[in-house]
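Structural overview
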Amino acid sequence: MKKISFLCLLLLATLSSIAQKDLPKDYLSKAFHAGRRDALRAIMPANSVAIVFANPLRNFSNDVDFQFHQNPNLYYLTGYNEPDAVLFVFKEAQTDAQGNSYKELFFVQERNAQAESWTGRRLGIEGVQQQLGIPMALNGSSFKDFAIDISKFSQVLYELPVDFPISNTESARMGGLLASFAKKTNLRANPQPDNLKNGTRQFSQLMAQLREIKTSEELVLLRKAIEISCQGQIEVMKLAKPEMSEMEIRGLHEYVHKKYGAEQVGYGSIIGAGENGCILHYVDNTRTQVGNNLILMDVGAEYHGYTADVTRTIPASGKFSENEKLIYQIVYDAQEAAFKTMKPGSSGMAASNAASEVIAEGLLKLGIIKDKKDTRKYYTHGLSHHVGLDVHDPSSSRVYKENMLVTIEPGIYIPPGADCDEKWWGIAVRIEDDILITKTGYENLSVMAPRTIADIEKMMSTKSGLAEWKLPALPSFKKN
Ligand code: GLY
Ligand code: MN
């Protein structure tokens, strides 16, 4: 037993001494996260506490887990990027048994030499204190003895923790503690005590109020995520060919993301050739040849937690057909009409109405619909949503305010068998840009990715720096 602990200590000492090298230098700062906790505290009601859980690890299969993704609210408030943690933010300072005062508590994953040698470094208490600047960090193991009288608060604001882990034993232990805390404190009770009623709704409203206005630090990361995604679109425009598969095109986008340091995609990449573009969230990407079709590519790089959401629709051949051009131009004009309405004080509804009107007129003119009320048959989703840590970021205001970031994404989708001339069947177009509301109007942050018919065709006629990649057909594929 002694030997094992000694070995563990040795391993921990070795691991701690393996300094992390060449890390990105542009993570959000400690001051950003501290500022966000203060901003939350400032809008919390008197005598309240906010309780925020980390996301659990989710099981992929057997002893393999999915890549971890933090709960965006916890990431926003702390910068912590590990599972099995819980943050308490108090409106008023609390005092412990020794008379120490604190305004927040953060229970985090304990350091564990053996676990770290398998699944990666952990910050532990010291790391959280030094790197994230949260002084009141405690080990998750002390959570079981943590006695907090929830009933003394007039209001408890919280997010109900999502499913707790079952696969990884150590994680499951902490997850179990968090789950039993949620149960013990009646976070899961029904009916609930008065001070818990509406706690989740109030918490999400406060977080939406904060997160819908992007700070300058967040905008630096968002601009990077968007630029990376646009570069992905540009390279694919140069490389796309009818004989490529949807999966290969997805791989090209995601390679470019990784090349520029984006850790994840903000949502499953959507690469839909021809009629597959009619499936709004088509993440299968299984078509083996995109063929001589339009390719709808809705792809967002996630950079240090922040995601882009950019869609371009391109002709695999490099040239739009006449019918494709007609549909594409309506969607383009709808987007332009929406942009024109965008400034502080105007509403998302005004932008949406402007875009819908252009699409209705356009479809009517081409004879695809006979009545404007049928527009919804071919334009089947909303125009816009906020974007940030989540691809569909929370929002609380109906009118635009400076430093909101929203998508504008009209589309027309004509599936085979639609009630119109079959020459339109299989044409699906969406164009999506990420629009920052400025002091007096708007800025299109994804303007770098070509958007007009002429600019797309021009970009598609140029050569990518990646074009020389020539990979061999693999032996067992040659036989097919
Ligand atoms: N990019 C996917 C969506 O906006 O729903
Ligand atoms: Mn979107």
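Our subject is the structure listed above.
A brief report on the enclosed structure follows. (Residues numbered from 1 in each chain as written. Chains lettered and ligands numbered in written order. Predicted model: local features only at pLDDT ≥ 70, side-chain atom pairs only at ≥ 80, totals over all residues. Heavy atoms only, no water.)

Here we come to the coordination of the manganese ion (ligand 2). Coordination sphere of the manganese ion (ligand 2), protein contribution only: Asp 309 (OD), His 385 (NE2), Glu 409 (OE) and Glu 432 (OE), at 2.0 to 2.3 Å. Positions of the donor residues of the manganese ion (ligand 2) along the chain correspond to the pattern D-x75-H-x23-E-x22-E. Placement of His 385 in the loop between α11 (348-365) and β14 (405-408) and of Glu 409 in the loop between β14 and β15 (411-414) is noted, with a sequence separation of 24 residues between them. A relative accessible area of 16% means that His 385 is categorised as buried. (Donors = N, O, S within 2.8 Å, 3.2 Å for Na, K, Ca; no water. Helix = DSSP H or I, 4+ residues; strand = E, 2+ residues; numbered from the N terminus. Buried < 20%, exposed > 50% of the residue type's maximum accessible area, 1.4 Å probe, protein only.)

This part covers the packing of aromatic side chains. Within the structure shown, the criterion is met by 17 aromatic pairs. Ring geometry for Phe 32 and Tyr 76: centres 5.7 Å apart, planes at 90 degrees, overall edge-to-face. Residue Phe 32 is found in helix α2 (residues 30-43), and its partner Tyr 76 is found in helix α3 (residues 72-78); the two are separated by 44 residues along the sequence. Take Phe 32 and Tyr 76: they sit in the same class, and that class is buried. Where Phe 88 meets Phe 107, the ring centres are 6.2 Å apart and the plane angle is 80 degrees; that geometry is what we call edge-to-face. Of the two residues, Phe 88 is situated in strand β4 (residues 86-95) and Phe 107 in strand β5 (residues 101-108); the sequence distance between them amounts to 19 residues. Note on accessibility: Phe 88 and Phe 107 belong to one class, buried. Its guanidinium or amino end placed over the ring of Tyr 379, Arg 376 lies 4.7 Å from that ring's centre, counting from NZ or CZ. (Phe/Tyr/Trp six-rings, centres within 6.5 Å; stacked < 30°, edge-to-face > 60°. Lys NZ or Arg CZ within 6 Å of the ring centre and 35° of its normal.)

Turning next to the pairing of strand β1 (residues 48-53). The buried count for β1 comes to six of six residues, which makes it a mostly enclosed element. With four bridges connecting them, β1 and strand β7 (residues 155-158) associate as parallel partners. What sits directly across from Ala 50, in β7, is Leu 157. Alignment of β1 against β4, held across five bridges, turns out to be antiparallel. Paired with Ala 50 across the strands is Val 89, a residue of β4. (Pairing = 2+ DSSP bridges.)

Another point: the sheet that holds strand β17 (residues 433-437). Strand order in the open sheet formed by three strands is β14-β17-β18, and the pairing between neighbours is antiparallel. Each edge of the sheet is formed by a strand with only one pairing partner; in this case those strands are β14 and β18 (442-444). On average, each strand axis in the sheet is tilted by 35 degrees relative to the strand beside it, whichever way the strands run. Pairing geometry for β14 and β17, over four bridges, is antiparallel. By the bridge assignment, Val 406 is partnered in β17 with Ile 435. Docked against the sheet, helix α8 (residues 216-239) engages β14, β17 and β18, running at close to 155 degrees with respect to β17. (Axes fitted to C-alpha atoms, helices over the stretch in contact; angles between N-to-C directions. Contact = heavy atoms within 4.5 Å.)

What follows deals with helix α10 (residues 322-340). The first and last C-alpha atoms of α10 sit 27 Å apart over 19 residues, in line with the 27 Å expected at 1.5 Å per residue. Along α10, the residues that are buried comprise Glu 324, Ile 327, Tyr 328, Ile 330, Val 331, Tyr 332, Ala 334, Gln 335, Ala 337, Ala 338 and Phe 339. (Expected span 1.5 Å × (residues − 1).)

The topology assignment puts His 381 in the loop between α11 and β14. With a relative accessible area of 16%, His 381 lands in the buried category. Sequence separation between His 381 and Glu 409 is 28 residues; the distance between their C-alpha atoms is 9.2 Å. Beyond its immediate chain neighbours, meaning those up to four positions away, His 381 contacts Leu 280, Arg 376, Glu 409, Pro 410, Gly 411, Tyr 413 and Arg 430. Engagement of the side chain of His 381 in a polar contact is seen with the side chain of Tyr 413, the distance being 2.6 Å. (Polar contact = N/O pair within 3.5 Å; in protein donor to acceptor, adjacent residues only side chain to side chain.)

Counting 56 residues, the largest nonpolar core has Ile 295, Ile 314, Tyr 378, Ile 408, Ile 412 and Ile 414 as its most contacted members. Sorting elements by how many residues they give to this core places α10 first, with eight residues. Once residues lying within four places of it in the same chain are set aside, the contact partners of Ile 408 are Gln 335, Ala 338, Phe 339, Met 342, Ala 351, Leu 383, Ser 384, Tyr 400, Ile 431, Glu 432, Asp 433 and Ile 435. Counting residues in hydrophobic clusters, the runner-up holds 46 residues, among them Phe 32, Tyr 80, Val 387 and Leu 405. (Core = buried A, V, L, I, M, F, W, Y, C linked by side-chain atoms within 4.5 Å.)

This part takes up unusual backbone geometry. Of note in this structure, Asp 22 is not a glycine but carries a positive phi near 50 degrees. By secondary structure assignment, the location of Asp 22 is in the loop between α1 (2-17) and α2. Residue Asp 22 is classed as exposed on the basis of its relative accessible area of 77%.

Before going further, it helps to examine the pattern of salt bridges. Counted according to the given criterion, the structure contains 24 salt bridges. Close ionic contact of Asp 371 with Lys 373 constitutes a salt bridge, the shortest N to O distance being 3.8 Å. A single salt-bridge network, built from bridges that share partners, covers Arg 37, Asp 38, Arg 41 and Glu 104. (Salt bridge = Lys/Arg side-chain N within 4 Å of Asp/Glu carboxyl O.)

Among the surface-exposed residues, Phe 60, Val 64 and Phe 66 lie close enough to one another that they form a single nonpolar patch of about 310 Å² accessible area. Its place among the elements puts Val 64 in strand β3 (residues 64-65). (Patch = residues over 30% accessible without salt bridge, like charges linked within 9 Å, V, L, I, M, F, W, Y side chains within 5 Å. Areas by Shrake-Rupley, 256 points an atom, 1.4 Å probe, with all protein chains shown as cover.)

A word on the environment of Ala 355. Relative to the assigned elements, Ala 355 resides in helix α11. Accessibility expressed as a relative area gives 0% for Ala 355, which makes it buried. Considering only alpha carbons, one finds Ala 355 and Asn 293, 62 residues apart in sequence, at a separation of 25 Å. Setting aside its immediate chain neighbours within four residues, Ala 355 contacts Ala 334, Ala 338 and Leu 383.

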